[in-house]
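Residue-level listing of the chains:
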Amino acid sequence: MASGSHVMERPADPVETRPAVPARRWLVPLLLLVGWVLSVAWRMWLSRHIVLPIAHTDEDSYLNTARALAGGPGGFSSENGLLRRVGYPMLISPAFLGDRDFSDSYRLVQLINAMVNSTLLPLAYLLGRRLLQLRRSYALLGAVVAATLPATAFYAGVAMIDSVMAPLVIAWLLAVHRWIERPGPLAAATVGLLVGAFHLLHSRGLVIVAVHIGLVLLLLIRRRITPTVLLAALLPVLALALVNEAGIRLLGDKVYLLGNTPGGSMVDAVSSAAGVVRVGAAVTTQLWYLVVITFGMAGVAWAAAVRELWRPRRGDATRWTMGVALVVSVGVASGASVILAGITGKPLDAIYGRYVQMLAPFWLLVGLGVLLTAGRRVVLRRAAVAVALLIAGGALIAVRLAYVASRGHSLRYGGFGAPDLMALTGGWREMRPVVASLIGIAGCVLLVAAVQVPRLRLPLLGALVVVNLVTMQVIDQRLVRPMVASSAPTPWVADVGVRPGERVWASTGVQYIHRFNLSHQVTWTDVRWFQEQPPDTAQVVFARWAPGQPDDWDGAKYGFVRLGGNVRQHWAAWRRA
């Protein structure tokens, strides 16, 4: 069996083969444990300003479902029946056990996120050692780089599924590597369990399930596994799919769905030449984005992985793992682009990197592995591919944006589409593809130059950590805090006199972000919506407060008395007299 270093062509720094000194065996586990604790603390510190959801309506959907699973009242979900998943709400549901204020439950959700998200650190270390064959020092610092990557760390502060996806990707690919090395039933079941977890968590897991099934069949055809191992690999996926269905049935109608099931609109999106071009541009944008935010390392990794596929070695676990990762990367980018193009109720995105962000730590580590273990000529060839991808991608995206603008349209560009790209390029209001490509090229060139001097390699990895920390700080200052300020209704519901046990409704006239965040504070009941006249059962309502405007809601004519609110945010609480 070929070692993992074959992916990098020629190892320059072989893995230490000397047995560990007994007194130091505990050192690496201790460092990883301390690093995990510090990672959790850093994520909690970053989320200290976020006391209410800022990513609507995704957070609202997960939180309402989690509360219902914990035995509390339900609420709405923006999901649809076909793509509905309950895995993440199951994970955070303990935060809603007992009688707590919403802010306390939300803080517990952030803690759960931080703890799971931070497992990326030890998993990345294992990836560096087992798959990439890196020295311990390189693997440790490389793991810190991956664990602080903004594409992953950003989501720990909000109630979104993305907070757990990146560690799961690393764990799954490690398990695939182990399974190919030793194709037994236990390894197969582990891989199947992790694939099932993807399916339980999010619809993008469908791509991973499809790849997993293809991998299992290919291994069976090649007689690498037995029928028993095949069942061990597939049954956990089926079991967790059934868990998802059981969770949906348990919820019943406590959580009602607002999303539309994708159908003909998805087919329509790719049924014409123009549609195929639009989807192709979206796929290219997402893959280009991965190369930018990893400073070219994703491109270096892809070049090395493709080269490995052209040199098949029977029994080469690394080659199989890289092949699986490549297929999943293209599959997730393509699937997301088709689904988003099929949603006709919103404008197309300039970029929506959220679905591929979970792959960034893996490709970053593989790219760093190439730089740290391959010879100079190999590194230069791989880096040339990355630079070419950055130039071609940046040019294509710039042309796409200019073409759309010339037609009098604009593509949607939001904070959750690519927050790290915003911070790196200063593009807070518009996408700046040329600047992004130049930054990616500069980062790639500096990394390639620095690794040629062995004594600069560890400082280089430390510098990447600093870049990640600074980027997250910029995101916090320029993106997160303004979103918190604009989405938090003041005063709090309790401060205006709304009492636990009261039946509360909300008017659709209240701006939806404030309506959702007001409703979250009502922990004892599901806050439903009305348009003009609230139902007779309503005791308290939240309605629009806009004096002098036609849509100002006058509760007095319905028998309500205003308790208070915020006229600048255009909402007020009313109680039935």
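Conventions and cut-offs
Residues numbered from 1 in each chain as written. Predicted model: local features only at pLDDT ≥ 70, side-chain atom pairs only at ≥ 80, totals over all residues. Heavy atoms only, no water. pLDDT = per-residue confidence, 0-100. Contact = heavy atoms within 4.5 Å. Phe/Tyr/Trp six-rings, centres within 6.5 Å; stacked < 30°, edge-to-face > 60°. Buried < 20%, exposed > 50% of the residue type's maximum accessible area, 1.4 Å probe, protein only. Helix = DSSP H or I, 4+ residues; strand = E, 2+ residues; numbered from the N terminus. Lys NZ or Arg CZ within 6 Å of the ring centre and 35° of its normal. Pairing = 2+ DSSP bridges. Axes fitted to C-alpha atoms, helices over the stretch in contact; angles between N-to-C directions. Salt bridge = Lys/Arg side-chain N within 4 Å of Asp/Glu carboxyl O. Expected span 1.5 Å × (residues − 1). Parallel < 35°, antiparallel > 145°, perpendicular 65-115°, else oblique. Nonpolar A, V, L, I, M, F, W, Y, C, P; charged D, E, K, R; others polar. Polar contact = N/O pair within 3.5 Å; in protein donor to acceptor, adjacent residues only side chain to side chain.

What to know about the confidence of the model for the protein chain
Phase 1 of the analysis: For the protein chain, per-residue confidence averages 92 on the pLDDT scale, and 93% of positions sit at 70 or higher.
Phase 2 of the analysis: This model gives residues 1-17 a pLDDT under 50, and the stretch forms 48 contacts once residues within four places in sequence are excluded.

Some words on the packing of aromatic side chains
Phase 1 of the analysis: For the coordinates displayed, the defined rule picks out 18 aromatic pairs.
Phase 2 of the analysis: Note on Phe154 and Tyr155: the rings are 5.0 Å apart at their centroids and 85° apart in plane angle, and the pair reads as edge-to-face.
Phase 3 of the analysis: Taking relative accessible area as the criterion, Phe154 reaches 8% and is therefore assigned buried.
Phase 4 of the analysis: According to the relative accessible area criterion, Tyr155 is buried, its value standing at 1%.
Phase 5 of the analysis: For the pair Trp172 and Phe198, a centre-to-centre distance of 5.8 Å together with 75° between the ring planes defines the contact as edge-to-face. Residue Trp172 is found in helix 8 (residues 162-181), and its partner Phe198 is found in helix 9 (residues 185-201); the two are separated by 26 residues along the sequence.
Phase 6 of the analysis: Among the residues examined, Trp172 registers a relative accessible area of 2% and is labelled buried.
Phase 7 of the analysis: The buried category is assigned to Phe198, whose relative accessible area is 0%.
Phase 8 of the analysis: If you follow Arg48 out to its NZ or CZ, it ends over the ring of Trp45, 3.9 Å from the centre.

Quick word on the sheet that holds strand 5 (residues 540-543)
Phase 1 of the analysis: Spatial ordering of the open sheet is given by 4-3-5-7-6, a layout of 5 strands whose pairing is mixed. For this open sheet the edge positions go to strand 4 (528-530) and strand 6 (560-566), each flanked by a neighbour on one side alone. Here the average twist between neighbouring strands, direction ignored, is 30°.
Phase 2 of the analysis: In this structure, strand 3 (residues 504-507) lies alongside strand 4, joined through 3 bridges in parallel fashion. Its bridge partner being in strand 4, Ala506 is matched across the sheet by Trp529.
Phase 3 of the analysis: Packed onto the sheet, helix 21 (residues 512-520) meets strand 3, strand 4, strand 5 and strand 7 (571-576) and runs at close to 175° relative to strand 3.

Observations concerning the pattern of salt bridges
Phase 1 of the analysis: Under the counting rule described, the total for this entry stands at 9 salt bridges.
Phase 2 of the analysis: In this structure, Glu502 and Arg499 form a salt bridge, with 3.5 Å as the shortest nitrogen-oxygen distance.
Phase 3 of the analysis: By relative accessible area, Glu502 is classed as buried at 8%.
Phase 4 of the analysis: What you see here is one network of salt bridges that share partners, running through Asp58, Asp162, Arg204 and Arg354.

Overview of the environment of Asp253
Phase 1 of the analysis: Position of Asp253 relative to the elements: it lies in the loop between helix 11 (227-251) and strand 2 (255-257).
Phase 2 of the analysis: For the pair Asp253 and Gln521, spaced 268 residues apart in sequence, the C-alpha separation works out to 21 Å.

Description of helix 4 (residues 102-117)
Phase 1 of the analysis: In this model helix 4 runs 22 Å from its N-terminal to its C-terminal C-alpha over 16 residues, within 8% of the 22 Å that 1.5 Å per residue would give.
Phase 2 of the analysis: Regarding helix 4, the residues found buried are Phe102, Ser105, Tyr106, Val109, Gln110, Ile112, Asn113, Ala114 and Asn117.

Remarks on the packing of helix 8 against helix 10 (residues 205-221)
Phase 1 of the analysis: Closest axis-to-axis distance for the helix 8/helix 10 pair is 13 Å, and the angle between their directions is 5°. When the interaxial angle is binned, helix 8 and helix 10 end up roughly parallel. Contacts between helix 8 and helix 10 involve Trp172, Val176, Trp179 and Ile180 from the first element and Ile208, His212, Leu215, Val216 and Leu219 from the second.
Phase 2 of the analysis: Each residue belonging to the contact of helix 8 with helix 10 can be placed in one class, and the counts come to 8 nonpolar, 1 polar and no charged.

Notes on the pairing of strand 7
Phase 1 of the analysis: Of all 6 residues making up strand 7, 5 are buried, and the element is well covered by its neighbours.
Phase 2 of the analysis: Here strand 5 pairs with strand 7 via 4 bridges, running antiparallel. Along strand 7, the bridge assignment pairs Ala543 with Ala572.
Phase 3 of the analysis: As defined by bridge partners, strand 6 adjoins strand 7 across 6 bridges and the pair is classed as antiparallel. Each residue of the ladder has a partner; that of Gly565, found in strand 7, is Ala572.
Phase 4 of the analysis: Between strand 6 and strand 7, which follow one another and run antiparallel, lie 4 residues, and His570 among them has a positive phi close to 60°.

Quick notes on the side chain of Thr65
Phase 1 of the analysis: For Thr65, the position within the fold is in helix 2 (residues 58-69).
Phase 2 of the analysis: The class for Thr65 is buried, based on a relative accessible area of 3%.
Phase 3 of the analysis: A distance of 2.9 Å separates the side chain of Thr65 from the backbone oxygen of Ser61, its partner in a polar contact.
Phase 4 of the analysis: Setting aside residues up to four positions removed in sequence, Thr65 forms contacts with Ser77, Pro89, Leu251 and Val255.

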